[in-house]
Structure formats: structure tokens, C-alpha cells
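Single-letter residue listing:
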Amino acid sequence: MFTRLKSHRLGMPALMLGFWTLIALSYALSGGLSSISEGQVANWSRLLVWNFADFYLWMALVPLVAWLGRASAGRGWQRFAAVHVPASLLVALAQVLVHLTIYWTVCGPGRAPVSTFGGFLRMQLAFSYHFALLIYWVILVVLRGLDSQRRLRDERLRNAQLASQLAQSQLRTLRVQLQPHFLFNTLNAISALALADPIQARLMIARLSDLLRLTLEERHALEVPLSRELELLRCYLDIQQVRFQDRLSTHLDVAMDTVHAAVPSMILQPLVENALRHGLLDKPERGELQVVSRREGDQLYLRVDDDGLGLPEGMSEGLGLGNTRARLQVLFGSDASVALARKAEGGTRVELRFPFREYITEPAA
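If you're wondering where the values come from, they're calculated on a predicted model, not measured in any experiment.

(A) Here's a closer look at helix α2 (residues 44-72). Between the first and last C-alpha of α2 there are 41 Å, a value that for 29 residues agrees with the 42 Å anticipated at 1.5 Å per step. When the local axis directions of α2 are compared, the greatest deviation, roughly 40 degrees, occurs at Leu61, which is followed within four positions by the proline Pro63. Remark: Gly74 follows α2 within two positions and exhibits a positive phi of approximately 70 degrees.

(B) Up close: the environment of Leu89. Turning to its location among the elements, Leu89 is positioned in helix α3 (residues 76-107). With 43 residues separating them in the primary sequence, Leu89 and Ala132 have C-alpha atoms 9.0 Å apart. Not counting the four nearest positions on each side in its chain, Leu89 is found in contact with Tyr129 and Leu133.

(C) Broad picture of the sheet that holds strand β6 (residues 337-342). Within the open sheet, the five strands sit side by side as β2-β4-β5-β7-β6. Their pairing is mixed. The open sheet is flanked by β2 (248-254) and β6, the only strands paired with a single partner. Between one strand axis and the next, the sheet turns by 10 degrees as a mean value, whatever way the strands run. In terms of strand pairing, strand β4 (residues 287-296) meets strand β5 (residues 299-306) through eight bridges, oriented antiparallel. Pairing of Arg295 across the sheet is with Leu300, part of β5. Seen against the sheet, helix α6 (residues 226-244) touches β2, β4 and β5 and runs at an angle of roughly 170 degrees to β2.

(D) Region of the structure containing the packing of α2 against α3. Axis separation between α2 and α3 bottoms out at 9 Å; the angle between their running directions is 155 degrees. Here α3 runs roughly antiparallel to α2, going by the angle between their axes. Taken as a pair, α2 and α3 cross one another with a handedness that is right-handed. The class makeup of the residues in the contact of α2 with α3 is 20 nonpolar, five polar and three charged.

(E) Region of interest: the packing of α6 against helix α7 (residues 269-280). At a minimum axis distance of 10 Å, the contact between α6 and α7 shows a crossing angle of 20 degrees. The angle between α6 and α7 falls in the class roughly parallel. In this structure, α6 crosses over α7, and the sense of that crossing is right-handed. Two secondary-structure elements touch here, α6 through Glu229, Leu232, Leu233, Tyr236, Leu237, Gln240 and Phe244 and α7 through Gln269, Val272, Glu273, Leu276 and Leu280.

(F) Here's a closer look at the packing of aromatic side chains. Per the counting criterion, the structure on display carries 14 aromatic pairs. Pairing Phe52 with Tyr56 gives two aromatic rings, centres 5.3 Å apart and planes at 90 degrees, and the pair type is edge-to-face. Highlighted residues: Phe52 and Tyr56, both in helix α2, separated by four residues, approximately one helical turn. Residue classification places Tyr56 among the partly exposed positions, given a relative accessible area of 29%. Seen from their ring centres, Tyr136 and Trp137 are 5.8 Å apart, and the 80 degrees between their planes marks the pair as edge-to-face. Among the aromatic residues, those joined into a ring-pair cluster are Phe19, Trp20, Tyr27, Phe55, Phe127 and Phe131.

(G) The arrangement of the nonpolar core in detail. Counting 44 residues, the largest nonpolar core has Leu268, Val272, Leu289, Leu352 and Phe354 as the members making the most contacts within it. Elements supplying a minimum of two residues to this core: α4 (117-196), α5 (198-217), α6, α7, β4, β5, α8 (319-332) and β7 (348-355). For this core, the element with the most residues is α6, which contributes ten residues. Setting aside residues no more than four positions away along its own chain, Leu289 makes contact with Leu237, Leu248, Ser249, Thr250, His251, Val272, Ala275, Leu276, Leu280, Val304, Asp305 and Asp306. Counting 26 residues, the second-largest nonpolar core is a separate cluster that includes Phe80, Val83, Trp104 and Phe120.

Criteria and thresholds
Residues numbered from 1 in each chain as written. Predicted model: local features only at pLDDT ≥ 70, side-chain atom pairs only at ≥ 80, totals over all residues. Heavy atoms only, no water. Helix = DSSP H or I, 4+ residues; strand = E, 2+ residues; numbered from the N terminus. Expected span 1.5 Å × (residues − 1). Bend = angle between axes of the 7 residues up to and from the residue. Contact = heavy atoms within 4.5 Å. Pairing = 2+ DSSP bridges. Axes fitted to C-alpha atoms, helices over the stretch in contact; angles between N-to-C directions. Parallel < 35°, antiparallel > 145°, perpendicular 65-115°, else oblique. Left-handed = near helix turned anticlockwise from the far one by under 90°. Nonpolar A, V, L, I, M, F, W, Y, C, P; charged D, E, K, R; others polar. Phe/Tyr/Trp six-rings, centres within 6.5 Å; stacked < 30°, edge-to-face > 60°. Buried < 20%, exposed > 50% of the residue type's maximum accessible area, 1.4 Å probe, protein only. Core = buried A, V, L, I, M, F, W, Y, C linked by side-chain atoms within 4.5 Å.

Below you can see the structure in the form of C-alpha cells.
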């Protein structure tokens, strides 16, 4: 970072010097070619001294014009005129006097019909002063335009940062809503087995310990690789397998090109929990749960299927699904979709689609 800042500070003066040098050379070349086109001999040395002295002086005055521009910015046109009308007259006059003095000292009168500096000054003052005033206002307008562009860019950057911070805050709030909800339901399941089957209850507690460890490890992560999300999901399914015993069959159909995809943390667990609670828990016979991941072009496709009792009539969107929809909306906007539907053969299907991108591991601090 320091090296980049240092190179930027060194590069700006070099860029300014190159810019003003290019202008001086172009004006000198234009004057020489004009003399040649009129059948006269171009005096290149005098042309170079005249233009380099003129434009290098303006290069030195740019910081002053910039300071005056900042001093009058945002205070109305009256303040702007009160500062720059007299400033332009004085700065232009000073520049002309110094410019003509340097030129007279280095080159002398040449072919000019004068023999004194006073006469040379009277001859050149009107045109040079008019040109200097024009250059002052051109420099001022360009500098104010660049400053406005910079402030607009900074404002956009600040707005983008604020929007990002707001989105992260919303995502953390939504994620925090899931954790106590999930933990409460899991503890309820353990409590139900504590008296009926203490051995199985202890097994569920052990699985819950593993699950909480994974959850705590990712407590600050808004996104994780799909492989990590599936690891957490397997711990959760192990807990539920103890609860359901042989009444539950689970299948994870995960495409290999999706395991490193970035997904919102705990995006699958609420959907699986809904499938178990609302679809399979009250089903008298064996139920099947399937989780699918595929890449579809530039999108990641996730699906949770169950062959349970299906959606109850008039059931509204619960915490798990509503939270999932809200998180995807914050992260991806209209590029994400959540679809909930009954399956023709019985059961429920939830489909998620959102932009596919590889998870990038952050370097250790």
C-alpha cells in the first residue's frame, strides 16, 4: 500500500510536467510552422523560450488556482465571483509580467521594433494579458470539474460501502434468527428422547456438540463453500436420524463442480428442517429426503425434496423459508429465486437459484 501511495505521489508531478511540456512544444511547433508557411525563417530558440516560460509559469500557478477554487467552492456564485474576478486579474497580470521579463532577459528584443523592456512590455501586454486571463479561467474550470468528479466518485464509493454494511448487518440479523430457532427445535427433540431412550438422547447431544462447533466456527461468515454447508447439514441429519430411526432415508446428490461454490451460511438447514417437521415427522411409513446441487450455466441450483405429507392447505411461509428468501434477496436481488411447490407424486420441493461463483478463502491475518 505504501509503495502504491509513494508511486502515485511521484507520478502526479511527472504527469503534470509532461502535460505542460507537451502543450509548450505544441504551441512552439505551431508558431514555427506558421512562420514557415508565411515564407519566414522560424526562430525555434525564441519560440521555445517564449512558450516554455509561459506554460511552465502556469504549471507553477496551478496549485494557487486550485486552492482558490476550493476556497470558493459551494458558497454560491457571488462568493465565487468575488474571489475569482480579482484573483484572475491579479494572477494573470503577475504571470504576464514574469513571463515577459524572463523572455526579454533570455532573448532580448530580437526583430521587435523596440529597444527597451518598457517598450516591449507595452507592445506585448494587451495580447499576453488577454491570453493569460483566458488560461486562468480554463485552468479553474478544469480543476473544478476534476474536483467535482472526484467528490462524486468518493460519494458513490461511500454509498456503496454503506449499502454493503447495511446488507451485511441484515444478513447477520437473519442468520442470528436461525440459530436459536434451530437450537430450540433440536433441544426439544432431545428432551423428547431423554426419558424414553436415554442412550439415543446422549447420542443426539454428542451430534449437537459437533454441530454447534461447526456453527461457532462460522459464526462471522456470511458465506461458506458448499462443502462446508454440507458438513453442517450432515451433522444436523445425524441428529435427526437418531430421532427418526429407520423411518428416515436421506440422500445428498451433489455435483462435484459445485462443492466449492459460495453459498450463504446455513442456507440448507432451515429447508431440511421444514421438510422433516412438516412433511416427514407425521408420516407413518418410511420417508425419503433428498438434497441436490447442480450448476446451471452461471447459476447454482439447490433443491430439497421430500416425499412426506405435502404442504398443508393455506400454510403461510414460515421462518425458515421466509428467512432464506430474505437472505438471497439481500445478497443477489432479482438474480436469485426461491420456489416452493407440491410434488405430483406427493411431498414438497424447494428450489433455490442464485449466481454461481467460487468461494475465495480469505488469507490468514
